Amino acid sequence: MTDSTLNPAEAPMARRESPHAGEAAAARLRARRRSERRFKAYGLGAVLLAITMLVVLIGTLAGQGLGAFTQTQLAVEVNLDAARLDPQGTRDPKTLADANYTSLLTDIVRDNFGATERRDVLKALGLFSRDARFELRDFVLANPELIGTTQTVWLTASGNLDMLDKGWIDRDLPAAQRPIDDQVLGWYDALSDNDAVGRAFNTRFFTGADSRSPELAGIWGATVGSALTLFICFMLSFPIGVTTAIYLEEFAPKNRWTDLIEVNINNLAAVPSIVFGLLGLAVFIGFFGMPRSAPVVGGFTLALMTLPTIIIATRAALKAVPPSIRQAAQGLGASPVQVVFHHVLPLAMPGILTGTIIGMAQALGETAPLLMIGMVAFIADVPGGFTTPSTVLPVQIFLWADSPERAFVEKTAAAILVLLGFLIIMNAIAVLLRRRFERRW
C-alpha cells in the first residue's frame, strides 16, 4: 500500500518515529548500560573493600598474636645435688617429687647470675616463670639417672623477659618506664651472648588453663568449657527447634495464634543477646538455683538465643521442598506424619543442618549472655563436668584483653585467631553440607 492510498488522518501517525528507535532511544540505552557498569563497579568495590578489611584484621591479629605460639626459654647450669634431691639414694619418685626445688632454683640464680643479696636473688628469680621449680621437678623425675651431675636445663622465661626477647619492650626507654631494669637487661644480654636464650613451641598455650602469669596462661580450659556449653546448647536447641518448626510449618492451623507465635519467633531472633543473659540469670540461676558459672547454665542460656535461628532456618528448608513430594507421598497412601518424617524432613535436612551450624557458630562467639550468668570468673583449672565452674573462649579473650601485662595482649590476639579458626571451620562445614546434599528442584 502506498502513501497515496492511506487515509489522510492516518498519514501523520505512519510517518511518526518509533519511540524505540532513533537517537533518543540510543541515548537511553547508553545511559542504562552506564548505570549497569556503575552498579557492577560499586559491587566489585564493596567486595574488594570487605576483603581488604578482612586482610587488615587478620594481618593485625597475626602480627600481634603469632608470637604467643612460641615461648622464650633460658638455658642454665643446674647442679642436681643428690644430697638435696635424693638423700636416701633410692630414686623413689615420691621422694624426688617432694624435694625442695625452690632452694634448687635459688642456687641456680646464685651460680649462674652471681646474685648474692636477697634483693638480687629475687630479681634474678623474676627471669623465670613461676612454674620453673615444677619444670625442674619434671626434669628430675624424667631423668633420675642424672642425679649427682651438673646439667644444662632449659627453663621457661617470665612474661616480661619473653616480651623483651620478642622486641615488644623498648630498651631505649628510661629504666623507670620499663618493666625490666638495667641489671636484668645485663643478665639477659649475657645469656644471649652465650646462646642460652631460645624459643620453643608454646604447647602450654594449647594445653593449659588460665593463669595470672601470662607465660603460663592457656586456652584449653576455655576450649573445654566452650565444648561443654555448646553440647548442652545443641542438645536442647536442635530437637526443640526442629520439632517446633515442623509443627508450625506442616501441622499447625493458620490462625491468629500461630501468626502471633511466628511474629514473636522472628522478633526473638533480633533481640540483643544480653537480654537472654538476663533471662538466664533470673530463671535458671535465680528461680531454679542452677550452679553459677557452669556449662549447664551457659548451654541453657545459649539454647534460648539459638532457638529462633534454628526454627527460622528449619521452616525455610521445609518450605523449599516442592509440594509435589508431599502430594506424591499422600497419593501412595502415606499418613501426614509419614509424609513429613519419611520424605520432607530428609530432603530438608541439609538446610536444617546448615542453619543449625550457623546458629551454633553464633553461640560460640557470644560473650554478653555468659557474662550475665557469671562465666567471667577466673578459672585456673580445666572444667571436669557440666556443673563445674568454667569459662568459654570469648570470655577468656575478654579477661585477657582487660589484663595490664603486655604479654596478655599477645595471648589475646592469639586466642582470637584460634576462635576465628573454629568459626571458619564451622561455617565451612555448613557450606560443604549444603553443597554436598543440596538438591535443586
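Everything below is about the structure shown above.
A. The overall build of the protein, seen in detail. On a plain count of helices and strands, the protein comes out with 19 helices and three strands. Computed over its C-alpha atoms, the radius of gyration of the protein comes to 34 Å, more than 25% above the 22 Å expected for a compact globule of 441 residues. Each principal axis of the C-alpha distribution contributes one length, and for the protein these read about 125 × 60 × 40 Å. Split into buried and exposed, the 441 residues of the protein put 40% on the buried side.

B. Representation of a nonpolar patch on the surface. On the surface, L44, V47, L48, I51 and V55 cluster together into a nonpolar patch covering about 460 Å² of accessible area. Mapped onto the elements of the fold, L44 is located in helix α2 (residues 23–65).

C. Quick peek at the sheet that holds strand β1 (residues 70–79). Taken together, the three strands give an open sheet; going across it, the order is β2-β1-β3, and neighbouring strands pair in antiparallel fashion. The open sheet has two edge strands, β2 (150–156) and β3 (197–201), and neither has a second partner. Direction aside, neighbouring strands of the sheet carry axes that sit 40 degrees apart on average.

D. Representation of the packing of helix α13 (residues 273–287) against helix α14 (residues 295–320) within the structure. Viewed as axis vectors pointing N to C, α13 and α14 meet at an angle of 135 degrees, and their least axial separation amounts to 9 Å. Taken as axis vectors, α13 and α14 run oblique relative to one another. The way α13 lies across α14 gives a crossing that is right-handed. Contacts between α13 and α14 involve S273, F276, G277, L279, G280, F284 and I285 from the former and V297, F300, T301, L304 and M305 from the latter.

E. The arrangement of the packing of aromatic side chains in detail. Counted according to the given criterion, the structure contains 12 aromatic pairs. Between the aromatic rings of F205 and W400, the centroid separation amounts to 6.4 Å while the plane-to-plane angle is 35 degrees, which identifies the pairing as tilted. With F205 in helix α10 (residues 204–207) and W400 in helix α18 (residues 393–401), the pair connects residues that are 195 residues apart, well separated along the chain. Comparing F205 with W400 shows no difference in burial state: the two are buried. Between the aromatic rings of F231 and F386, the centroid separation amounts to 5.9 Å while the plane-to-plane angle is 25 degrees, which identifies the pairing as stacked. Taken together, the residues F231 in helix α11 (residues 220–251) and F386 in the loop between α17 (368–372) and α18 connect sequence positions 155 residues apart.

F. Region of the structure containing the side chain of E366. In this structure, E366 sits in the loop between α16 (336–364) and α17. Buried charge without a partner: E366 forms no salt bridge, and the closest opposite charge is R292, 17 Å away. Among the polar contacts made by the side chain of E366, one reaches the side chain of S273 at a distance of 3.0 Å. Setting aside anything within four residues of it in sequence, one finds E366 in contact with S273, L302, M305 and P394.

G. Structural context of the packing of α14 against α16. One way to put it is that α14 packs onto α16 with a least axis distance of 8 Å and a crossing angle of 150 degrees. Here α14 lies roughly antiparallel to α16, going by the angle between them. As α14 runs across α16, the sense of the crossing is right-handed. Residue-level contacts link L302, M305, T306, T309, I310, A313, T314, A317 and L318 of α14 to V344, A348, G351, I352, G355, T356, G359, M360, Q362 and A363 of α16. Tallied by class, the residues present in the contact of α14 with α16 amount to 11 nonpolar, eight polar and no charged.

H. Representation of the environment of A190 in the model. Within the secondary structure layout, A190 lies in helix α9 (residues 182–193). Along the backbone, A190 and F113 are 77 residues apart, and their C-alpha atoms lie at a distance of 9.2 Å.

I. Spatial organisation of helix α5 (residues 101–113). With 13 residues, α5 should cover 18 Å at 1.5 Å per step; its first-to-last C-alpha distance of 18 Å lies within 8% of that length. Listed as buried for α5 are Y101, L104, L105, T106, I108, V109 and F113. The N-terminus of α5 is capped by N100, whose side-chain oxygen sits 3.3 Å from the backbone nitrogen of T102. Phi turns positive, to about 65 degrees, at G114, one or two residues after α5.

J. Structural view of the pattern of salt bridges. Taken as a whole, this structure holds 16 salt bridges when the rule is applied. The residue R178 makes a salt bridge to D182 at a minimum N-O spacing of 2.8 Å. Relative accessible area serves as the criterion here: at 49%, D182 is assigned to the partly exposed category. Note that E250 and R326 form a salt bridge whose closest N and O atoms lie 2.8 Å from each other.

What counts and what doesn't
Residues numbered from 1 in each chain as written. Predicted model: local features only at pLDDT ≥ 70, side-chain atom pairs only at ≥ 80, totals over all residues. Heavy atoms only, no water. Helix = DSSP H or I, 4+ residues; strand = E, 2+ residues; numbered from the N terminus. Rg over C-alpha atoms; globule rule 2.2 N^0.38 Å. Buried < 20%, exposed > 50% of the residue type's maximum accessible area, 1.4 Å probe, protein only. Patch = residues over 30% accessible without salt bridge, like charges linked within 9 Å, V, L, I, M, F, W, Y side chains within 5 Å. Areas by Shrake-Rupley, 256 points an atom, 1.4 Å probe, with all protein chains shown as cover. Salt bridge = Lys/Arg side-chain N within 4 Å of Asp/Glu carboxyl O. Pairing = 2+ DSSP bridges. Axes fitted to C-alpha atoms, helices over the stretch in contact; angles between N-to-C directions. Parallel < 35°, antiparallel > 145°, perpendicular 65-115°, else oblique. Left-handed = near helix turned anticlockwise from the far one by under 90°. Contact = heavy atoms within 4.5 Å. Phe/Tyr/Trp six-rings, centres within 6.5 Å; stacked < 30°, edge-to-face > 60°. Lys, Arg positive; Asp, Glu negative; His and termini not counted. Polar contact = N/O pair within 3.5 Å; in protein donor to acceptor, adjacent residues only side chain to side chain. Nonpolar A, V, L, I, M, F, W, Y, C, P; charged D, E, K, R; others polar. Expected span 1.5 Å × (residues − 1).

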